[in-house]
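Secondary and tertiary structure notes
The primary structure of each chain is shown beneath.
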Amino acid sequence: MTKRFGGFRAVDDVTLEIGEGEFFSLLGPSGCGKTTCLRMMAGFEQPDSGAVRLGSRDVTGTPANRRPVNLVFQSYELFPHMTVFDNVAFGLKIKRVGRTEIEARVTRTLESVTAAHLAARYPRELSGGQQQRIALARALVNEPGVLLLDEPLSALDVKLRKQMQQELKQIQHRLGTTFVYVTHDQEEAFVMSDRIAVMNEGRILQVAVPREIYERPATRFVADFVGSLNVFPFRMDERAAGLATMLVEDGQRIVAKLDASGRAATHLGVRPERIRVQLAETAEASATRLVGVVESIDYFGTSTRLQVATAAVGVVVCESANTGTAVPEQGERVSLTWDLDAAFGLPPEDAR
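Residues numbered from 1 in each chain as written. Predicted model: local features only at pLDDT ≥ 70, side-chain atom pairs only at ≥ 80, totals over all residues. Heavy atoms only, no water.

1. Quick look at the environment of Phe 24
Structurally, Phe 24 is set in strand β3 (residues 23-27). According to the relative accessible area criterion, Phe 24 is buried, its value standing at 0%. For the pair Phe 24 and Arg 195, spaced 171 residues apart in sequence, the C-alpha separation works out to 5.2 Å. Apart from residues no more than four positions distant in its own chain, Phe 24 is found in contact with Leu 16, Ile 18, Phe 179, Val 180, Tyr 181, Arg 195, Ile 196, Ala 197 and Val 207. (Helix = DSSP H or I, 4+ residues; strand = E, 2+ residues; numbered from the N terminus. Buried < 20%, exposed > 50% of the residue type's maximum accessible area, 1.4 Å probe, protein only. Contact = heavy atoms within 4.5 Å.)

Below, the structure written as structure tokens:
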């Protein structure tokens, strides 16, 4: 699909195939085109080129209200003058579904989102998490082939948001409905998704399972967007047994694997939590070793982040879980090491 607004190409030749019963997320920064993709799937926008298919059926020209698809918006859009039951039943009444079937489907759907006890309440009497579940029930009661969700948790506080992430995932697994979820929050996408498409500037940069996106990002943008990253310029000074070594001063070195064609990357990426930090004087021997001085320490409760200034590659960010192990203090000289599998090559055209 391609979609333009004036001279701006919001979605640029995007092709996606989403499996039946899959929890699939579109992840990217604001303005990257993910919501426009969702709106084209829903039928609220028409692509300038390309098509939307549900199974073997082309629904590109089908109006939104005739597609077997429902969209849950950022704002829940509940009718304040209606009870929860009537809010969920509203779409069925518009379709002139019989009263007996409406009662059965609404009750069943409210039970599926653990909200049956809220049926007689009004939206003003609900918490944010409860309103989110009712908005979800209102979409699910129509038994859509695909449920589209546009950042539905963005208005919730952090603790409730994490709780609802787990609940959404459980509901989706229980019902088996295909979910397509839009978010700019990488943790949210990782927690809930079977697969993720990372987008930027209207294009899809990588589609993969969460672990692959984090540990083997396809581009520098993907690597930066889904977590903190150290990027090291790399040159091959020595080569042996499928490994390349970059020699730096005072016996320090960085060792990396050669790619399938026997070449070394010009830039390496290493996640902060994959770097081991030890006092330089007592550090264990390791293939890769950099020495530096701790410039700053930030405590995050579950982890501690250190910035270490090295003469070889500049400032390196390290992050250690707070497990009771002593953390070096500011100004101390430390040794940085990591395993071979912790480093991944970045494409030359994508490295900065």
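2. As for the state of the cysteines
This structure, assessed with the given rule, holds zero disulfides. With no disulfide of its own, Cys 32 has Cys 37 as its nearest cysteine by sulfur position, at a separation of 8.0 Å. (Disulfide = S-S within 2.5 Å.)

3. So, helix α3 (residues 99-112)
Along its 14 residues, α3 runs 20 Å from first to last C-alpha, staying within 8% of the 20 Å computed at 1.5 Å per residue. Regarding α3, the residues found buried are Ile 102, Arg 105, Val 106, Thr 109, Leu 110 and Ser 112. The buried residues of α3 all sit within an arc of 155° when viewed along its axis, so they share a single face. α3 presents Thr 100 and Glu 111 as exposed residues on the side facing more than 90 degrees away from its buried surface. In this structure, the buried side of α3 is in contact with α2 (84-94), α4 (128-140) and α5 (158-175). Thr 114 sits one or two residues past α3 and shows a positive phi near 50°. (Expected span 1.5 Å × (residues − 1). Arc of directions from axis to C-beta.)

4. Thoughts on the packing of aromatic side chains
Taken as a whole, this structure holds six aromatic pairs when the rule is applied. Taking the centre distance of 6.2 Å and the plane angle of 85° together, the rings of Phe 190 and Tyr 214 count as edge-to-face. Note that Phe 190 is positioned in helix α6 (residues 186-192) and Tyr 214 in helix α7 (residues 210-215), a separation of 24 residues in sequence. Note on Phe 232 and Trp 338: the rings are 5.3 Å apart at their centroids and 15° apart in plane angle, and the pair reads as stacked. Of this pair, Phe 232 sits in strand β11 (residues 230-233) while Trp 338 sits in the loop between β20 (333-337) and β21 (343-346), and the two are 106 residues apart along the sequence. A network of ring pairs unites the aromatic residues Phe 23, Phe 179 and Tyr 181 as a single cluster. Its end group placed over the ring of Tyr 122, Arg 124 keeps NZ or CZ at 5.0 Å from the ring centre. When the ring centre of Phe 79 is taken as reference, the NZ or CZ atom of Arg 138 above it lies at 5.7 Å. (Phe/Tyr/Trp six-rings, centres within 6.5 Å; stacked < 30°, edge-to-face > 60°. Lys NZ or Arg CZ within 6 Å of the ring centre and 35° of its normal.)

5. What to know about the side chain of Thr 36
For Thr 36, the position within the fold is in helix α1 (residues 34-42). You can call Thr 36 buried: its relative accessible area is 14%. Here Thr 36 is in contact with Lys 3, Phe 5, Ala 10 and Val 11, once residues within four sequence places are set aside.

6. Things to note about the sheet that holds strand β15 (residues 267-270)
Across the sheet, which stays open at both edges, the three strands sit in the order β11-β15-β21 with antiparallel pairing between neighbours. Edge strands, defined here as strands with exactly one partner in the open sheet, are β11 and β21. Direction aside, neighbouring strands of the sheet carry axes that sit 35° apart on average. Relative to β15, β11 is paired through four bridges, and the arrangement is antiparallel. Note on β15: the bridge partner recorded for Val 231 is Gly 269. (Pairing = 2+ DSSP bridges. Axes fitted to C-alpha atoms, helices over the stretch in contact; angles between N-to-C directions.)

7. Observations regarding the packing of α4 against α5
Across the interface, α4 lies against α5 with an axial gap of 11 Å and an inter-helix angle of 25°. In terms of their interaxial angle, α4 and α5 are classed as roughly parallel. Crossing geometry of α4 relative to α5 is assigned as right-handed. Taking contact as the criterion, the partners of Gly 128, Gly 129, Gln 132, Arg 133, Leu 136 and Leu 140 in α4 are, on α5, Leu 160, Met 164, Glu 167, Leu 168, Ile 171 and Leu 175. (Parallel < 35°, antiparallel > 145°, perpendicular 65-115°, else oblique. Left-handed = near helix turned anticlockwise from the far one by under 90°.)

8. Structural notes on the side chain of Gln 132
Along the chain, the position of Gln 132 falls in helix α4. Looking at Gln 132, the relative accessible area reads 0%, which means it is buried.

9. Section: α1
In terms of burial, α1 is largely enclosed, as seven of its nine residues are buried. Looking only at α1, the buried set comprises Lys 34, Thr 36, Cys 37, Leu 38, Met 40, Met 41 and Ala 42. Remark: Gly 43 follows α1 within two positions and exhibits a positive phi of approximately 100°.

10. Regarding the sheet that holds β20
Read across the open sheet, the five strands follow the order β16-β20-β17-β18-β19; overall the sheet is antiparallel. Of all the strands in the sheet, the pair left with one neighbour each is β16 (276-279) and β19 (314-321). For this sheet, the mean inter-axis angle between neighbouring strands, taken without regard to orientation, is 45°. Both strand β17 (residues 290-299) and strand β18 (residues 303-310) contribute to a ladder of seven bridges, which runs antiparallel. Within the sheet, the bridge partner assigned to Tyr 299 lies in β18 and is Thr 304.

11. Comments concerning the pattern of salt bridges
Scanning the entire structure with this criterion turns up 19 salt bridges. Note that Glu 143 and Arg 105 form a salt bridge whose closest N and O atoms lie 3.7 Å from each other. Remark: Arg 105 occurs in helix α3 and Glu 143 occurs in the loop between α4 and β7 (146-150); sequence separation between them is 38 residues. Under the relative-accessibility criterion, Arg 105 is labelled buried at 10%. Glu 143 serves as the salt-bridge partner of Arg 108, at 3.4 Å between the closest nitrogen and oxygen. Taken together, the residues span a long stretch of sequence, with Arg 108 in helix α3 and Glu 143 in the loop between α4 and β7 at a distance of 35 residues. With relative accessibility at 45%, the residue Arg 108 sits in the partly exposed group. Three or more residues are tied together by salt bridges with common partners; here these are Glu 101, Arg 105, Arg 108 and Glu 143. (Salt bridge = Lys/Arg side-chain N within 4 Å of Asp/Glu carboxyl O.)

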